[in-house]
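Observations on the three-dimensional arrangement
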Amino acid sequence: MSGLHDPKAHFILVPLVAAQGHTIPMLDMARLLAERGARVSFITTPVNAARIKPIIDRVKDSHLPIQFVTLPFACAKAGLPDGCENFDLLPSTEYVKAMFEGTSVLQEPLELFLRELRPKPNCMIADMCNPWTMEVARKLRIPRIIFHGPSCFYLLCQHNIALHSVYERVADDFEPFLVPDLPRQVQVNKAQALAFATGPEWANFMHQLAMAESTADGIVINSYDDLEPWYIENYQKAKGKKIWTIGPLCLCNKDVTSKATRGNKASMDEHAIIKWLDTMEPSSVIYANFGSAARAPPSQLIEIGCGLQASNQPFIWVVKEAELTPEIENWLSVELEESTSSRGLVIRGWAPQMVILSHPAVGGFLTHCGWNSISESISAGVLMITWPQFSDQFLNEKLIVDELEIGVAVGVKVPTSHVSEDGPVVVGRDDVQKAVSRLIDDGECGKERRMRVKELQEKATKAMEEGGSSYVNMTRLIQYIIENTNEEL
Ligand code: UDP
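Presented here is an overview of the structure given in this document. (Residues numbered from 1 in each chain as written. Predicted model: local features only at pLDDT ≥ 70, side-chain atom pairs only at ≥ 80, totals over all residues. Heavy atoms only, no water.)

Within this structure, the stated rule accounts for eleven aromatic pairs. On the numbers, 5.0 Å between centres and 75° between planes, the contact of Phe153 with Tyr231 is edge-to-face. With a gap of 78 residues between them, Phe153 in helix H8 (residues 152-163) and Tyr231 in helix H12 (residues 229-239) connect regions that are remote in the sequence. For Phe153, a relative accessible area of 1% puts it in the buried group. Aromatic ring contacts, followed pair by pair, group Phe87, Phe100, Trp202 and Phe205 into a single cluster. The ring of Tyr471 has Arg36 lying over it, and the distance from NZ or CZ to the ring centre is 3.7 Å. (Phe/Tyr/Trp six-rings, centres within 6.5 Å; stacked < 30°, edge-to-face > 60°. Helix = DSSP H or I, 4+ residues; strand = E, 2+ residues; numbered from the N terminus. Buried < 20%, exposed > 50% of the residue type's maximum accessible area, 1.4 Å probe, protein only. Lys NZ or Arg CZ within 6 Å of the ring centre and 35° of its normal.)

See the structure below:
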């Protein structure tokens, strides 16, 4: 039997190349697998490879056995404008479905690449949103594991809602219901639980995702056993297949450079940010960032800024390039930055999020509740103000606020898919201000929340250390793959 350091354990990692929130955790996974003796081929595309070049360079310097494989991405064939290989490059949200479905243009080049490989790779780990990998793995007889980005809490909620055909019984998108078969009451509506891909035009793609999952040899999840034990155990039972929880994956980034080199190139030097944070009181700074995909209209941005201004707390606020209209740029520099120059830092573009969250001056994270952001916040022991927008984010909020009690909700009820851009703002400045003051509350409630998040941080660190649950699960995953493919090699 081969050992863990047998170079024959070769994993092909196929992220959803078009999304930073899907690519970043798989880059961490690549590194963890390679550090544990496996060989990794990481699939990317020309535009995305250029973005992650600093990571590619860092990997080269580390001499880890990770190869980046750049496959051609035929935009025209996918029905996408030239060069649009990432969601954040799309000229409008009308192309979102084309992007999800269009990544299947990678099917043929991936198959060609894999056919040439000798010896045959041991395993493919493919993002849940790449159902076309099912056919490639089947043809070449390579075991295929699915990577699910979100928590088991979210995945089990979705499973139970589908199992009990809940959506067939609700009157409309807004009728509240309790998610069945959970140990506690989790109340949502269809708009919040789905918060994405709701129309009938998505049915075929959703069906393909379900097929790709049901035919997979197992599932890897960016979570850890002590975070959501009941949900992990019961999700595994519900799926009846192997589940490996191997996170928080972000914890493989230990030094400042690794923490700063994730996803896009940061728009501000990490050392300048650290220097700024060093001047602030411990646990005083509110960090506001809504991930890689969410966009806020100008009126909403102004409410966020005014809320942070009124909170009187120090803050770092990340405003994306796509949000920087001339009106917003003018408002930021004339109104906000002038009045908060001693305690506010606005980052325009991409922030080195893990560097910021890891700094002791940061006391709260105003987040859109993307699962990576949540895991990074927990890994840094930082409390959250939750402002979900779409996809898994409303259910993630339930986990953070009600189940784990490590955050406060800003109070948003409706996903962005159900809000008109010209309509009234979803969250007002008072809501932001109130949420910040509840989060920094020094009373019993606040102290307990802070204690809980620190405990979870400690448990996350232990899970990833040698002998910890995620470390052991990674060992088991590699071992399982070696044992189940040795005969064929
Ligand atoms: N991220 C970052 N800087 C930014 C915005 C995002 O480093 O300015 C990273 C963040 O640390 C996380 C990922 O991008 O790893 C976003 O993933 P998440 O699941 O939180 O949200 P999504 O972008 O998928 O909505």
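Looking at the ligand, there are 16 residues lining it, with Ser292, Ala351, Asn372, Ser373 and Glu376 nearest. With respect to the ligand, the side chain of Ser292 contributes an N or O atom lying 2.4 Å from an oxygen atom. His368 is positioned with one of its side-chain polar atoms (N or O) 2.9 Å from an oxygen atom of the ligand. A total of 530 Å² of accessible area belongs to the ligand in isolation, and the protein chains cover 94% of it. Mapped onto the shell around the ligand, the elements with two or more residues apiece are helix H1 (20-35) and helix H18 (371-379). The element that contributes the greatest number of residues to the shell around the ligand is H18, accounting for four residues. Here the residues of the shell around the ligand sort into five nonpolar, nine polar and two charged. (Near = heavy atom within 4 Å. Polar contact = N/O pair within 3.5 Å; in protein donor to acceptor, adjacent residues only side chain to side chain. Areas by Shrake-Rupley, 256 points an atom, 1.4 Å probe, with all protein chains shown as cover. Nonpolar A, V, L, I, M, F, W, Y, C, P; charged D, E, K, R; others polar.)

With that settled, the discussion passes to the pairing of strand S8 (residues 218-221). Going residue by residue along S8, you find Gly218 and Val220 tucked away on one face and Ile219 and Ile221 tucked away on the opposite face as well. Pairing geometry for strand S5 (residues 144-148) and S8, over four bridges, is parallel. Its bridge partner lying in S8, Ile145 is registered against Gly218. In terms of strand pairing, S8 meets strand S9 (residues 243-245) through three bridges, oriented parallel. Across the sheet, the residue bridging to Ile221 is Thr245, located in S9. With H12 bridging S8 and the parallel S9, this β-α-β connection has right-handed handedness. (Pairing = 2+ DSSP bridges. Right-handed = clockwise from strand over helix to strand, strands pointing away.)

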